[in-house]
Amino acid sequence: MPPIPTTLLNVVSPTRVPVNSELLIAEPRRATGGLRRNDVFALAGSLLAAVALASWLQNQLFAFQGMLAFILVAHALFMLFYAVLIGLTESVPVVVDKLITTLVHSLSFVMLLALAAVVTFTFGRGWEALAHANFFTQDMSNAGPLDPLTAGGVLHGMAGTLIMISIALAISVPLGIMTAVFLSEFPGRYAAVVRTVVEAMTALPSIVAGLFIYATVILGLGIERSGFAASCAVTVMMLPIIIRSADVVLRLVPGNLKEAAFALGSSRWRTVWTVTLPTARSGLTTAVVLGTARGIGETSPVLLTAGLTTFLNLNPFSGPMVSLPLATFAFVKSPEPGMIARGFGSAAVLMLVVLVLFWLARVIGGRGPGQLTPRHFRRITASSRALNYRYLARDVSAHRASRALRADGQTRRSSEPRAKGDRS
Amino acid sequence: MNDKTRPPGGQGNPDDIEETRLIPVVAVPTDLLATEILELILTDSVIDQADTPDSGRRRLTTRASTQDRIFEGISRGAGTLVLTIMSLVGLFLLIQGNQALSVAGFNFFTTEAWDPNSGNFGIAAVLAGTILIAVTAIVLAVPLAVATALYISEYAPLAIRQVLTSIVDLMAAVPSVVYGLWGMFLLEPNILGVSQWISTYCGWIPVFAVTGFDPNDPLASPTVFTASTFIAAIVVALMVAPIATSIMREVFTQAPIGEREAALALGATKWGMIRSVVLPFGRGGMIGGTMLGLGRALGETIAVYLIISPVFAVQPHILEKGSNSISALIALRYNEASPFEISALMAAGLALFVMTLFVNFGASIIISKSRSGASSD
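The structure displayed is predicted, hence computed values, not measured ones.

**Quick look at the overall build of chain B**
(1) Moving on: Within chain B, the secondary structure is distributed over 14 helices and 2 strands.
(2) Moving on: Buried positions account for 50% of the 377 residues belonging to chain B.
(3) Moving on: Summed over its atoms, the accessible surface of chain B is roughly 17900 Å², and 63% of this surface lies on carbon and sulfur atoms.

Have a look at this one:
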């Protein structure tokens, strides 16, 4: 065994961990969270007392009526009892903390409950109409307000929504993303002005967008109310939303990626096309999908610009055209229960579309710029491996060629002895 | 490699570096040299020196290729086009509404009636209704939004935070007509009792007073409470609360962890920590989120249209039947309007537009000036 060089021993000495002899017995881990028995008792006790007192007030004293009032009174009583019970053992800040915790929990519960109610109510009432297959395959041209749900449907609304949103996307996606690229690639005073105006327009009232298109396209250019005019109104609504979220995403693209591209001699355009946009692709998709979700659900701009019809109209440039929200709106204005059921049905279809779009946005946009899906990652790995093989093959062939050359030289000068270290 | 394993005296002194570079076994000092050079390059001092005019710095200029010039032209053009469209919105409303505005003059803002064909029209009633609905909605929505945002960022178990965030974001994207349906068919029949109760016990406050309702009359009909500002405001509140929540949550979660831990280490309760760290940090976001919600509430059309029964008088009693808003007025009247009436509607739309523009500008300025920075997407 060869002797170890002493310098190496000096350099790579093992790190010593100091041992404290007092800490040899393991200290039990202290639980810092969790509930104490007192907390549970106080919570359950005051809840019980509040419900009991509230129902006594309601049933014996008739102080108030109704479920909602009962819950409100019971909640107020609960807070009171809880404060008193906690106050017996704890200090004032702890009592305040407990009360605020209760308040935050109940208020957020109210909000989430209300939101859940909106969704379930729409689907619950809409089920009546959705259960009939003709709801998806017919328009309302042959069905009157008094006809049963087995006749008529919202095909015209679904087709109208599809056509309008397609036209709106065809205009707003290239324009919006180009503008977002402009905002992030050419910063300056002009870009700042554009950005400010776009941000202010994000919350443009939808009816004003409709009114604008009504003033310009319908009154100004003399085009009749049509799907195209409605698409323009929806575009005006969607553009600022898409630009703004796309701008945020593009600004998140790491600067060193762009600098690497520039350092390799790439032009600005090639950098944007091959580095910035692909890196931000998932975020840009999310921006578009969220804009679409907003645009698809807007009623008022379509109400002003598309006109109203019960017929299926596939031509966006002539004749009125309805979208799903507009159809919903028209249905529920009727007093007939059948029409109201249809209204809920089309609202449920609309909700479904928005839910799917939103889910898509979550799936695509859950990743930041540069993070890849497994499929994308596999593809990149495969292409990288293929490149590697190609280079390897080239190296091998070059090596063979050089060896052949050398062998050739050797045979020619076979008398010369071969150099000793010439192996490379 | 960490500091302890370096050979003594192998760093810092340039002589030592020179010396140790001769020994190939010890690889550390060469690494050190590289990092030191990198640090020198990256520190400001070098750059500052380079910036001084007498250091003979080269002027770097780029000459854009044709491709790049076309690209810049196109993207600049897209920006200009968007800017033009957005400016045209205001301009066209002004041009179209000018006719009505010049006829009505300042009376446009003080007249309550809406009869443009006889020249007696103004937005006093609808403007008051719009503001009343929006303000009531915000009063209802802000506690809900703050509580929900705090719940998601502070109280909720870690496992469900992402789900709750998704739900709230999703609710911000639910079409307004769906909220309108909910308000019209589920909320309105069930809320009358609450309205009645409030007006019975709080009727002495002018806002909650209801004319034509006698709390002592057992046969009093609750129909005076239908289609009121209050009901419309609840629906609008539910619509704007998710938007405000999502902005507030974003800001609350950004509150610096060090300051949170400092507050807790000083013995603060959870609420004490929230009050002294999270809320002050997120104040800008809270105000900004509220104002963005207000901007959305001012412009809400369909949900309000479905619920209210329009009146053309200033209606300060929020529980009483009858209300109005600018957007509902436009949606109601645009269809069978004469050209002059259209012009009057455009003027009303312009008033709404200017109002929301101011609210939104205010919101974005407050958000961007606040400590938590621009975080309102």
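**Thoughts on the overall build of chain A**
(1) Moving on: The number of helices and strands found in chain A is 16 helices and 0 strands.
(2) Moving on: Buried residues in chain A amount to 43% of all 424 residues.
(3) Moving on: A sequence separation of at least 24 residues applies to 68% of the contacts in chain A between residues at least 6 apart.
(4) Moving on: As displayed, chain A has an accessible area near 23600 Å², and 66% of this comes from carbon and sulfur atoms.

**Re the pattern of salt bridges**
All names here are of chain A.
(1) Moving on: One pass over the full model with this rule turns up 10 salt bridges over all chains.
(2) Moving on: Linking R244 and E199 is a salt bridge whose minimum nitrogen-to-oxygen distance equals 4.0 Å. Of the two residues, R244 is situated in helix α9 (residues 227-251) and E199 in helix α7 (residues 189-201); the sequence distance between them amounts to 45 residues.
(3) Moving on: You can call R244 buried: its relative accessible area is 15%.

**Looking at the nonpolar core**
(1) Moving on: Ranked by internal contacts, the top residues of the largest apolar core, which has 170 residues, are W114 and Y179 of chain B.
(2) Moving on: It is α9 of chain A that provides the largest number of residues to this core, a total of 14 residues.
(3) Moving on: Residue contacts for W114 of chain B: discarding those within four places in its chain leaves F108, N120, F121, G122, I123, F312, L329, R333, E341, A344, L345 and A348 of chain B.
(4) Moving on: If you look at the next biggest cluster of nonpolar residues, it comprises 25 residues, including Y155, A156, M248 and M273 of chain B.

**Focus: the interface of chain B and chain A**
(1) Moving on: Taken together, the 84 residues of chain B in the interface contact 88 residues of chain A.
(2) Moving on: Buried area between chain B and chain A, both sides added, is near 7800 Å², and the carbon and sulfur share of it is 80%.
(3) Moving on: Between the two partners, chain B and chain A, sit 0 salt bridges.
(4) Moving on: Taken together, chain B and chain A are joined by 7 residue pairs in polar contact (both at pLDDT 80 or more).

**Points about the UniProt feature "transmembrane region" (unreviewed entry) in chain B**
(1) Moving on: With numbering matched to this structure, UniProt assigns "transmembrane region" (unreviewed entry) to residues 78-101, 121-151, 163-182, 225-244 and 342-367 of chain B.
(2) Moving on: Spanning residues 342-367 of chain B, this segment combines 100% helix with 0% strand, and its end C-alpha atoms are found 37 Å apart.

**Focus on the UniProt feature "transmembrane region" (unreviewed entry) in chain A**
Residues and elements named next belong to chain A.
(1) Moving on: Listed under "transmembrane region" (unreviewed entry) in the UniProt record, and renumbered for this structure, are residues 40-57, 69-88, 100-123, 162-183, 203-221, 228-246 and 339-361.
(2) Moving on: Taken end to end, residues 69-88 has its terminal C-alpha atoms 29 Å apart, with 100% of it in helix and 0% in strand.
(3) Moving on: Helix makes up 100% of residues 162-183 and strand 0%, and the two end C-alpha atoms of the span are 30 Å apart.

**Considerations on the packing of aromatic side chains**
(1) Moving on: Applying the stated criterion to the full structure yields 18 aromatic pairs over all chains.
(2) Moving on: Between F108 of chain B and F121 of chain B the ring centres are 6.0 Å apart and the planes differ by 75°, which places this aromatic pair in the edge-to-face class. With F108 of chain B in the loop between α4 (66-104) and β1 (114-115) and F121 of chain B in strand β2 (residues 120-121), this pair connects stretches of sequence that are 13 residues apart.
(3) Moving on: Here F108 of chain B falls in the buried class, since its relative accessible area comes to 1%.
(4) Moving on: Linked through ring pairs, F182, F186, Y190, W269 and W273 of chain A together with F71 of chain B together constitute an aromatic cluster.

**Digging into the packing of helix α13 (residues 326-333) of chain B against helix α14 (residues 339-369) of chain B**
How two helices pack is summed up by the angle between their axes together with the distance between the axes.
All names here are of chain B.
(1) Moving on: Contact geometry of α13 with α14 gives a least axis separation of 9 Å together with a crossing angle of 155°. Our classification of the angle between α13 and α14 gives roughly antiparallel. In terms of crossing hand, the pair formed by α13 and α14 is left-handed. On the side of α13, the interface is formed by I326, S327, L329, I330 and R333, while α14 contributes E341, L345, A348, G349 and L352.

**Observations regarding empty space enclosed by the protein**
Rolled over the atoms, a probe sized like a water molecule indicates the empty space that remains.
(1) Moving on: Applying the stated rule across the entire model yields 4 cavities of 30 Å³ or more.
(2) Moving on: Size it by volume and the largest cavity reaches roughly 120 Å³.
(3) Moving on: Considering only residue class, the lining of the largest cavity consists of 5 nonpolar, 6 polar and 4 charged.

**Some thoughts on a nonpolar patch on the surface**
(1) Moving on: Taken together, V356, W359, L360 and V363 of chain A make up a surface patch of nonpolar side chains, about 380 Å² in accessible area.
(2) Moving on: Tracing the backbone shows W359 of chain A in helix α15 (residues 337-365).

**Looking at the side chain of T165 of chain B**
Residues and elements named next belong to chain B.
(1) Moving on: Looking at the secondary structure, you find T165 in helix α6 (residues 158-172).
(2) Moving on: Among the residues examined, T165 registers a relative accessible area of 9% and is labelled buried.
(3) Moving on: When sequence neighbours within four positions are dropped, the list of residues in contact with T165 reads I152 and R249.

**A short note on the packing of helix α5 (residues 124-155) of chain B against helix α10 (residues 270-281) of chain B**
Residue and element names in this part refer to chain B.
(1) Moving on: Running from amino to carboxyl end, α5 crosses α10 at an angle of 110°, the nearest separation of the two axes being 13 Å. As far as their axial angle goes, α10 and α5 are roughly perpendicular. Between α5 and α10, the residues in contact are L150, E154 and Y155 and K270, M273, I274, V278 and L279, respectively.
(2) Moving on: By residue class, the composition of the contact of α5 with α10 is 6 nonpolar, no polar and 2 charged.

**A few points about helix α11 (residues 283-299) of chain B**
(1) Moving on: With 17 residues, α11 of chain B extends 25 Å between its outermost C-alpha atoms, agreeing within 8% with the 24 Å of an ideal straight helix rising 1.5 Å per residue.
(2) Moving on: In terms of burial, α11 of chain B is largely enclosed, as 12 of its 17 residues are buried.
(3) Moving on: Inspection of α11 of chain B places G284, G285, G288, G289, T290, L292, G293, G295, R296, A297, L298 and G299 of chain B among the buried residues, and these make up the whole buried set.
(4) Moving on: In this structure, the buried residues of α11 of chain B make contact with α12 (281-297) of chain A together with α5, α6, α8 (229-253), α13 and α14 of chain B.

Calculation rules
- Residues numbered from 1 in each chain as written.
- Chains lettered and ligands numbered in written order.
- Predicted model: local features only at pLDDT ≥ 70, side-chain atom pairs only at ≥ 80, totals over all residues.
- Heavy atoms only, no water.
- Helix = DSSP H or I, 4+ residues; strand = E, 2+ residues; numbered from the N terminus.
- Buried < 20%, exposed > 50% of the residue type's maximum accessible area, 1.4 Å probe, protein only.
- Areas by Shrake-Rupley, 256 points an atom, 1.4 Å probe, with all protein chains shown as cover.
- Contact = heavy atoms within 4.5 Å.
- Salt bridge = Lys/Arg side-chain N within 4 Å of Asp/Glu carboxyl O.
- Core = buried A, V, L, I, M, F, W, Y, C linked by side-chain atoms within 4.5 Å.
- Buried area = accessible area lost by both parts, 1.4 Å probe.
- Polar contact = N/O pair within 3.5 Å; in protein donor to acceptor, adjacent residues only side chain to side chain.
- UniProt positions renumbered as here; feature names shortened; annotations may be inferred.
- Phe/Tyr/Trp six-rings, centres within 6.5 Å; stacked < 30°, edge-to-face > 60°.
- Axes fitted to C-alpha atoms, helices over the stretch in contact; angles between N-to-C directions.
- Parallel < 35°, antiparallel > 145°, perpendicular 65-115°, else oblique.
- Left-handed = near helix turned anticlockwise from the far one by under 90°.
- 1 Å grid on protein atoms, 1.4 Å probe; cavity = no way out; pocket = protein on both sides within 12 Å on 5 of 7 lines; lining within 4 Å.
- Points joined across faces, edges and corners; volume = space filled by probe spheres on them.
- Nonpolar A, V, L, I, M, F, W, Y, C, P; charged D, E, K, R; others polar.
- Patch = residues over 30% accessible without salt bridge, like charges linked within 9 Å, V, L, I, M, F, W, Y side chains within 5 Å.
- Expected span 1.5 Å × (residues − 1).

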